[in-house]
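Reading the structure
Below, each chain spelled out in residue letters.
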Amino acid sequence: MIGQGTIEELQLTGVDAASFAGRPARSYWSESLERLRENRIGTAAGYAILFLAVVALLAPLISQFVTHYDPTAQDLNSQFVGPGAQHWLGADETGRDTFTRLVWGARVSLGVGFLTVTLQIVFGGGVGLVAGFFGGWVDTLLMRFVDMVLAIPAIFLFILMSILFTPNAITLSMIIASVGWGGVARLVRGEVLSVRNRDFMLATRSLGASNVRLMLRHLLPNALPVMIVAASLGVGAIILAEAALDFLGFGIHPPTPSWGNMLSNAQTYFAHSIWLVIFPGVMIFVTVLAANLFGNAVRDAFDPRLR
Amino acid sequence: MLAKFIVRRALAAIPVVVGVTVITFVLMHSTAGSYVPGLSLNPNMTPQEIQLLRSQLGLDQPLWIQYLDWTGVAWVMQHVGLGGLLIGAHDITPGMLEGSFGQSMVDGTSVTSQVFDRLPNSLLLTVTAIVIGIALSIPAGVIGAVRRGTRTDHLLTGMSVAGVAVPSFWFGLLLILFFSVQLHAWGLPFLPSGGVETPFTGGDVIDRLAHLLMPATVLSFVYLAVWSRFTRSSMVEVLSQDYVRTARAKGMGDRRVRYVHALRNAIIPLVTLVGLELPGLVSGGLVVEVVFSWPGIGLLAYQRALAYDYTMVLGIVTLATILVVVGNLLADVMYAALDPRIRLA
């Protein structure tokens, strides 16, 4: 009922119906989703990401039933075979099938992308919520820590941690998120500060709501839009950072295929086998482009400040 | 007023720097504390020799003493008569207080001298990239704003959206593939694929520019994409302002209104945006430096990290962070000098 109310209902509560001019009241969420659906480029980009995610999830099935190659299987008879009927997108120096490796590489890129963004939203959101809600020395302490983390050049911090931990997909996500959460914490804290002293907070507190309830049921929903926008705008940058780390040799190590380490490997042979350098780069580019376009659409639809 | 502002900002920067040294130090030594490079390569080392090596590197001291020694606090403590508190310490040095951020575990070279040797190369690359970015993004943004909604505008917007999504290392590889490998194969003049100058024979201005061209182009690409969009939206906003209409109403020509009145106001926010890139002056080019073997700080950190030269990486990260914090401080002071509103906030 609430949020779906018609003019008649509003009249019952004593609101002047004339000022609504016959427009049904709708919730923020349904209105934002509607706006997102109306953005054709954004929707197309969203479906592209969804498609890539499905491909990534189905990678074992694809390599078994579609390409019939294992991503790490070497075949010295097809070293540097060009794109064609045998190997659709060519093969590398040990005869591994590029197409199959790209499909498996999508697991790394998208997996790390989504996991990292989740980690930094949850952790950064939590820190921002606590800092903004409690204020005082808690706030000072947490935000000073954020200042410190963000003061270290991110790429150096990634490299420092990568040589310490020799990452797999999960630890790599944690490494990238360990920098990204700072920005989210600042955003959420700002949002919490603008809501915390409103009358409804005082009213809820006077009804006996606990701190945890105040934070989770009343502050979090208000901070959710900026978190959603930050998350969807962040994925593209994370995928780029992950690919760069793989390329430098500080991310996912061979033989596990990732788009970044495929490019790193291609550096040696690209003068005669151009497909090795073209296709992984195109995959990164297309994925990041789609993620950014979707992120922009989400921002346009959800950011309350753009209204 | 300004002096007070500077002091306040400088004091606020101190805990950040101290915190960063603690974070990087703990991170490094909690996992790599007893590691000595080369040890695993030499199985014939006796325990006594290992002990001697670790003692020389200072790794046999408690962690907190290693930290105090590294930062120079231990040296100060010794000289004010508190040396007795440093149980188990030996060979205390002034550390950071004399500008020493440690030495390489692999070849014993000093972090500070290595970093400052490479700093000019890194700055040359990033500053050139920023200059190219500004020089191209302002015209691109203005054209987009003036011809809003036309095909030119859509093309420019599309290019900037695509520009953000291109991985810089891939773009660099493609440039090398065409301008170095392919042009060379065709027997045409080609661009060098790496380094700052041709060894032995090169080193003149033309040679250095040829080496700079590709890495600077790659690095400027992202700046260009972001700043041209920003200039466009800022310009669109300014063009709808009342004073622009007034200027036009009094009979001023389109050109003069756009390029004298509107543009000047439109690029003020861009100054802030460019200022935000100052921290990137030191570290921003790492990936590009690696692709083009550009001997800057990024390449140094990359090579030392691959060699597991922990103390060197730790020193580079700390020194680079301090440079960033100092750079930010300078930028803040500059803004405050330019804009009185910031000083009072």
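In what follows, the accompanying structure is described.

A few words now on the overall build of chain B. Looking only at helices and strands, chain B features 16 helices and zero strands. Relative to the globule expectation of 20 Å for 345 residues, the C-alpha radius of gyration of chain B, 26 Å, shows a markedly less compact shape. A principal-axis box enclosing the C-alpha atoms of chain B has dimensions of 85 × 65 × 35 Å. Classification of the 345 residues of chain B by burial places 34% in the buried group. Excluding contacts between residues fewer than 6 apart, the proportion of contacts in chain B whose partners are at least 24 apart in sequence is 67%.

The next point concerns the overall build of chain A. Scanning chain A from terminus to terminus reveals twelve helices and zero strands. For chain A, the α and β elements follow one another from N to C terminus as α-α-α-α-α-α-α-α-α-α-α-α. Dimensions of chain A, computed from C-alpha atoms along their principal axes, come out at roughly 80 × 50 × 30 Å. Within chain A, the fraction of its 307 residues that count as buried is 43%.

As a further point, take the interface of chain B and chain A. Contact residues are listed per partner, giving 38 residues for chain B and 34 residues for chain A. Broken down by secondary-structure element, the contributors of at least two residues to the side of chain B that touches chain A are α1 (2-32), α6 (151-165), α7 (168-185), α12 (280-283), α13 (286-291), α14 (297-306) and α15 (310-338) of chain B. Per-element tally for the side of chain B that touches chain A: the top contributor is α1 of chain B, with ten residues. Counted by class, the side of chain B that touches chain A contains 33 nonpolar, five polar and no charged residues.

Let us look at the nonpolar core. Counting residues in each nonpolar core, the largest one holds 140 residues, and the members touching the most others are Leu-160 of chain A together with Ala-301, Val-313 and Ile-316 of chain B. Ranked by the residues each element gives to this core, the list is headed by helix α10 (residues 211-248) of chain A, at 18 residues. Grouped together as the second largest cluster of nonpolar side chains are eight residues, Met-235, Val-238, Ala-262 and Ala-266 of chain B included.

Let us now look at unusual backbone geometry. Of note, the amide linkage connecting Pro-254 of chain A to Pro-255 of chain A takes the cis form, showing an omega dihedral of 10°. Mapped onto the elements, Pro-255 of chain A comes out in the loop between α10 and α11 (259-266). One non-glycine residue with positive phi stands out, namely Phe-80 of chain A, at about 55°. Owing to 16 C-beta atoms within 10 Å, Phe-80 of chain A belongs among the partly exposed residues under this scheme. Even without glycine at this site, Ser-293 of chain B takes up a positive phi of about 45°. As for its placement among the helices and strands, Ser-293 of chain B is situated in the loop between α13 and α14.

Thresholds, definitions, all that
Residues numbered from 1 in each chain as written. Chains lettered and ligands numbered in written order. Predicted model: local features only at pLDDT ≥ 70, side-chain atom pairs only at ≥ 80, totals over all residues. Helix = DSSP H or I, 4+ residues; strand = E, 2+ residues; numbered from the N terminus. Rg over C-alpha atoms; globule rule 2.2 N^0.38 Å. Buried ≥ 20, exposed ≤ 12 C-beta atoms within 10 Å, placed from the backbone. Contact = placed C-beta atoms within 7 Å. Nonpolar A, V, L, I, M, F, W, Y, C, P; charged D, E, K, R; others polar. Core = buried A, V, L, I, M, F, W, Y, C linked by C-beta atoms within 7 Å.

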